[in-house]
Amino acid sequence: MQHVIDFTEIGLVDIPEVGGKNASLGEMIRELGSQGVSVPGGFATTSAAFRAFIDANDLRAGIASALDRYHAGETTLQVAGLTIRDAILGGSFSDATADAIRSAYRDLAGGKHPVPVAVRSSATAEDLPDASFAGQQETYLNVVGEHDLLDACLRCYASLFTDRAISYRDLNGIDQLDVALSIGVQRMVRSDSGGSGVMFSIDTDSGFPDVVVISAAWGLGETVVQGIVDPDKYVVFKPFLDDPTLSPIIEKTVGEKATKMVLGTGGTVRTRIKETTATERARLVLSDEEILALARWAVTIERHYERPMDMEWAKDGVTGELFIVQARPETVQSRRSATKFTVHRLTGTGDVLVTGAAIGDAIATGTACVIKSAADIEKFVDGAILVTEMTDPDWVPIMARAAGIVTDHGGSTSHAAIVSRELGIPAIVGTGSATRDIPDGATVTLSCADGDQGQVYAGALPFETEEIDLGALPETRTKVLVNVATPAAAFQWWRLPVSGVGLARMEFIINNLITVHPMALIHPEQVTDAGDRKRIAHLTRGYADPRDYFVETLALGIAKLAAPHHPNPVIVRMSDFKTNEYAHLLGGAAFEGLEENPMIGFRGASRYYDPRYREGFELECRAIRRVREQIGFRNVVVMIPFCRTVDEADRVLEVMAANGLLRGENGLEVYMMCEVPSNVVLAEHFATRFDGFSIGSNDLTQLTLGVDRDSGSLAALFDERDPAVIWMIAEAIRKAHAAGIKIGICGQGPSDHADFAEFLVREGIDSISLNPDSVLKTLPRIAAAEGLLAKL
């Protein structure tokens, strides 16, 4: 019988002997090392050695008896699990097994002093494509010396029967006595002085397959996996990784990272938790180069395994080297249908209690059950919303009975997130204050339906659920595009059968993510409000030049909006705030005057060349250049809003060219919002300066009819189907086509009014851009209109 096998001799075919985790490590060392993927060396004990241990210590009958009593309801899970674990810990290794472990450990040390190792459990039923078994058995870090190694190995055997592991196997229909345990002994990476985290080769909440999502924290990786910390988050667009001239990072979020796990400093304590410094909390754990290196490894690993993967990584703080320390199949999104999905919508509003990272896309209501310790989980009420500081595998038995889960700490790759996805339960993690701000016993609504930011509302809010079969939707001649605003929801609708983005609103990114007036970053000395100055300083910490904060945040936001639609066009409208809206940004009051009617005041194109804002517009141009030239989204199209005159168009294009955005260069297309009557009257002249028009029906209706669109008393007169507005739209379409340029419309009219959709199709509009939740109901309407037209 073989007791121990070196990782270099193991592959995926050896799962029955060494379990999924160890087989995967060996597979990567053997097959992917030559492709640059670094995995620390080590060895595995065999499942045969485990079964021999069980039989030699006469444990099988006792284990079966304890489990039978538990399943019969004669004892509790806690008592059954403790009975089995105590029996295993009372056993001993055979001389042959112990000698084999000692010998392999000495070989791993290479004749040097005893090396620190990580000792991990690898069950023969774990890390399979349909179940992750996240954290079901124990891991022991910083184990040094033969005596401590054998003790850790014995404890790994016992951990096969933790309460959570027993419960998890029951949940997944796996026979408790058919499972064996292999132990992986792996050289420790000194990530205690570096960093570590988790990485997925798919977006784990939307299922969008073209990104790598990385979580990172300082110190050993258990803090990320267990959800003890709120980690950094990085997202990388996979299709551009083969081009070494690009840096396709589309999200970089600094996590709080309040604590880190480091090595113990004496006695039997192998690890300890310590607070991070203010500098560590403000800094990103990984550089751009390291993020891209890990992402390329993720792609390499995914290609080899031919499925989306869930990986753990570590950075050695001594050498600076990166390593992959685990890789297993992603078990949730990879099994979902590509054509069928469920849409959840809140139909009511309420007070927001907390926000955090949304896990899943569902909505749940229930009674909040606030539990701060695993020792109190028996207090949980089935069907409640579990509210806790964080979860670890001990919480699995009650997580399966919850309607939803909310945690104070943790990120999208924490234990709570992984298990919630597998169970199909919505969760919001990393709220920071859920256990404080959500009253125990209160009725709440948990919503993950708006992208990667989730909210917990007071009260039971009404909501609706719709099952969508994309395969049943008709095809249309008219291109259907989508309007997008917030990067947080960018991946939510990636499955929609659309031909790109017809309107990406830059001002939403500025307002929701940047929050600072760009001129306040260029001329901070003009900001007199002390509170604004303090908040601006906090937001721009870590940037040598505050302007870089604006450019990077805006560029990453646009890139994230563009990613799900590449290579289709993504039309980004440059900022179109009104003066009163700009004034509400941090520092904005110092740069914006009062206007009687901001709707037709200093807005849109008129700002871009004016000395009062031109420098701010130049930052917008820098962000667009970065998106197109450094990140790689050449499919991004620039659109100019509220351009009143042909001369104004020329002046704006001149400023853009001076900032590296020359129309036609590197495939850059520039569109114009057709929303001012002069745009229609002189459409043939505007058409020589732009590559396309997008009809803004709200402003065009307002200015054609002379009706303030914000006036409640005139609401009955505001109708984009008024004959005057219809004439303007038809004339714009006719003139655009005569000039040989594209023309579309972005607005709710085609969704709200079937006759308006029919009119647009009849006039031959090239594209209709809709809000995401309107696409599914409007596509059949457009197809029907095209069918009627074909019969004429």
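Note: the structure precedes this text.
Keep in mind the model is a prediction, meaning the values are calculated, not measured.

## Topic: the overall build of the protein
(1) Moving on: In terms of regular secondary structure, the protein is built from 28 helices and 30 strands.
(2) Moving on: Here the C-alpha atoms of the protein give a radius of gyration of 30 Å, agreeing with the 28 Å that 2.2 N^0.38 yields for 792 residues.
(3) Moving on: The principal-axis extents of the C-alpha atoms in the protein amount to approximately 95 × 50 × 50 Å.
(4) Moving on: Evaluated residue by residue, the protein yields a buried proportion of 58% over its 792 residues.

## A few points about the sheet that holds strand β8 (residues 232–237)
Across a sheet, paired strands are connected by hydrogen bonds in the backbone, their directions being either parallel or antiparallel.
(1) Moving on: One open sheet accounts for 6 strands, arranged β9-β8-β7-β6-β12-β13; its pairing is antiparallel. One side of each edge strand has no neighbouring strand; the edge strands of this open sheet are β9 (249–253) and β13 (322–329). The sheet shows a mean angle of 15° between the axes of neighbouring strands, taken without regard to direction.
(2) Moving on: Against the sheet, helix α10 (residues 288–305) touches β6 (195–200), β7 (211–218), β8, β9, β12 (309–315) and β13, its axis set at about 35° to β13.

## Quick word on the pattern of salt bridges
(1) Moving on: Within this structure, the stated rule accounts for 43 salt bridges.
(2) Moving on: A salt bridge links K315 to E290; its shortest N-O distance comes to 2.8 Å. Remark: E290 occurs in helix α10 and K315 occurs in strand β12; sequence separation between them is 25 residues. Across this residue pair, the class does not change: K315 and E290 are buried.
(3) Moving on: Two residues, R328 and D310, come together in a salt bridge whose shortest N-O distance is 3.1 Å. Highlighted residues: R328 in strand β13 and D310 in strand β12, separated in sequence by 18 residues.

## Some words on the nonpolar core
(1) Moving on: Counting 109 residues, the largest nonpolar core has I250, F633, I640, M656 and F693 as its most contacted members.
(2) Moving on: Tallying contributions element by element places helix α17 (residues 546–562) first for this core, with 10 residues.
(3) Moving on: Not counting chain neighbours up to four residues away, the residues in contact with F633 comprise F237, F240, I250, A559, A562, A563, H566, V627 and R628.
(4) Moving on: Core analysis: the next-biggest nonpolar cluster, separate from the first, contains 43 residues, F43, I54, C153 and V179 among them.

## Thoughts on the packing of aromatic side chains
(1) Moving on: This structure, assessed with the given rule, holds 14 aromatic pairs.
(2) Moving on: Their ring planes at 75° and their centres at 4.9 Å tell us that F237 and F240 sit as a pair that is edge-to-face. Of the two residues, F237 and F240, both sit in the buried class.
(3) Moving on: Seen in terms of ring centroids, Y582 and Y613 are 5.3 Å apart; in terms of plane orientation they differ by 50°. Their pairing is tilted. Of this pair, Y582 sits in helix α18 (residues 579–583) while Y613 is found in the loop between α19 (605–608) and α20 (614–631), placing the two residues 31 residues apart along the sequence.
(4) Moving on: In textbook terms, an aromatic cluster arises when at least three aromatic residues are bridged by ring pairs, as seen for F50, F53, F93 and Y157.
(5) Moving on: Between the NZ or CZ atom of R612 and the centre of the ring of F602, over which it lies, the distance is 3.9 Å.

## Considering the pairing of β6
(1) Moving on: Here β6 lies mainly inside the structure; 6 of its 6 residues are buried.
(2) Moving on: Burial of β6 is two-sided: the residues G195, G197 and M199 facing one way and the residues S196, V198 and F200 facing the other way are all buried.
(3) Moving on: Summarising the sheet, β6 and β7 pair through 6 bridges and their orientation is antiparallel. Pairing of G197 across the sheet is with A216, part of β7.
(4) Moving on: Of the strand pairs in this sheet, β6 and β12 are connected by 6 bridges, and their pairing is antiparallel. Directly across from F200, in β12, lies its bridge partner D310.

## So, the side chain of S167
(1) Moving on: Looking at where S167 falls in the secondary structure, it is placed in helix α7 (residues 163–171).
(2) Moving on: Setting aside chain neighbours within four positions, we find S167 in contact with L77 and P397.

## Remarks on the packing of α17 against α20
(1) Moving on: Direction vectors running N to C along α17 and α20 enclose 50°, while the axes themselves pass 8 Å from each other. Relative to α20, α17 is oriented oblique. Note on packing geometry: the crossing formed by α17 with α20 is right-handed. Within the contact between the two elements, α17 uses R547, D548, F550, V551, E552, L554, A555, L556, I558 and A559 and α20 uses L619, E620, R622, A623, I624, R626, V627 and I631.
(2) Moving on: Across the contact of α17 with α20, the residue classes tally to 12 nonpolar, no polar and 6 charged.

## Some remarks on the sheet that holds strand β2 (residues 42–45)
(1) Moving on: Within the open sheet, the 5 strands sit side by side as β1-β2-β5-β3-β4. Their pairing is antiparallel. Of all strands in the sheet, those with a lone pairing partner are β1 (4–6) and β4 (139–143), marking the two edges. The sheet shows a mean angle of 20° between the axes of neighbouring strands, taken without regard to direction.
(2) Moving on: Pairing between β2 and strand β5 (residues 181–187): 3 bridges, direction antiparallel. By the bridge assignment, G42 is partnered in β5 with Q186.
(3) Moving on: The strands touched by helix α5 (residues 95–109) within the sheet are β1, β2, β3 (117–123), β4 and β5, with β2 carrying the most contacts at an inclination of about 170°.

## Overview of the environment of R535
(1) Moving on: In this structure, R535 sits in helix α16 (residues 530–539).
(2) Moving on: A distance of 2.9 Å separates a polar atom in the side chain of R535 from a polar atom in the side chain of D532.

## Re the packing of helix α4 (residues 77–89) against helix α6 (residues 146–158)
(1) Moving on: Where α4 meets α6, the axes come as close as 8 Å, and the angle between the chain directions of the two elements is 150°. By the angle between their axes, α4 is roughly antiparallel relative to α6. The handedness of the crossing between α4 and α6 is right-handed. Contact residues: R85, I88 and L89 in α4; L154, R155, Y157 and A158 in α6.
(2) Moving on: For the contact of α4 with α6, the class distribution of residues is 5 nonpolar, no polar and 2 charged.

## Regarding the pairing of strand β15 (residues 352–359)
(1) Moving on: In this structure, β15 lies alongside strand β21 (residues 453–458), joined through 5 bridges in antiparallel fashion. For V352, the partnering residue across the bridge sits in β21 and is Y457.
(2) Moving on: Bridge count between β15 and strand β19 (residues 427–429): 3 bridges; the pairing is antiparallel. If you follow I359 over to β19, its bridge partner there is A427.

## Some thoughts on helix α3 (residues 60–71)
(1) Moving on: Counted at 1.5 Å a residue, the expected span for α3 with its 12 residues is 16 Å, and the 17 Å between its end C-alpha atoms agrees.
(2) Moving on: Residues of α3 that are buried: I63, A66 and L67. All buried residues of α3 fall inside an arc of 95° around its axis, so they share one side. Exposed side of α3, more than 90 degrees from the buried face: A61 and D68 are the residues found there.

## Description of unusual backbone geometry
(1) Moving on: Cis peptide bonds are those with omega within 30 degrees of zero, and the linkage from H566 to P567 qualifies with 10°.
(2) Moving on: Here P567 lies in the loop between α17 and β25 (570–573).
(3) Moving on: Residues other than glycine seldom take positive phi values, yet N142 does so here, at roughly 55°.
(4) Moving on: The phi torsion at F642 lies on the positive side, around 45°, for a residue other than glycine.
(5) Moving on: You can see F642 is positioned in the loop between β26 (636–640) and α21 (646–658).

Cut-off values and rules
- Residues numbered from 1 in each chain as written.
- Predicted model: local features only at pLDDT ≥ 70, side-chain atom pairs only at ≥ 80, totals over all residues.
- Heavy atoms only, no water.
- Helix = DSSP H or I, 4+ residues; strand = E, 2+ residues; numbered from the N terminus.
- Rg over C-alpha atoms; globule rule 2.2 N^0.38 Å.
- Buried < 20%, exposed > 50% of the residue type's maximum accessible area, 1.4 Å probe, protein only.
- Pairing = 2+ DSSP bridges.
- Axes fitted to C-alpha atoms, helices over the stretch in contact; angles between N-to-C directions.
- Contact = heavy atoms within 4.5 Å.
- Salt bridge = Lys/Arg side-chain N within 4 Å of Asp/Glu carboxyl O.
- Core = buried A, V, L, I, M, F, W, Y, C linked by side-chain atoms within 4.5 Å.
- Phe/Tyr/Trp six-rings, centres within 6.5 Å; stacked < 30°, edge-to-face > 60°.
- Lys NZ or Arg CZ within 6 Å of the ring centre and 35° of its normal.
- Parallel < 35°, antiparallel > 145°, perpendicular 65-115°, else oblique.
- Left-handed = near helix turned anticlockwise from the far one by under 90°.
- Nonpolar A, V, L, I, M, F, W, Y, C, P; charged D, E, K, R; others polar.
- Polar contact = N/O pair within 3.5 Å; in protein donor to acceptor, adjacent residues only side chain to side chain.
- Expected span 1.5 Å × (residues − 1).
- Arc of directions from axis to C-beta.

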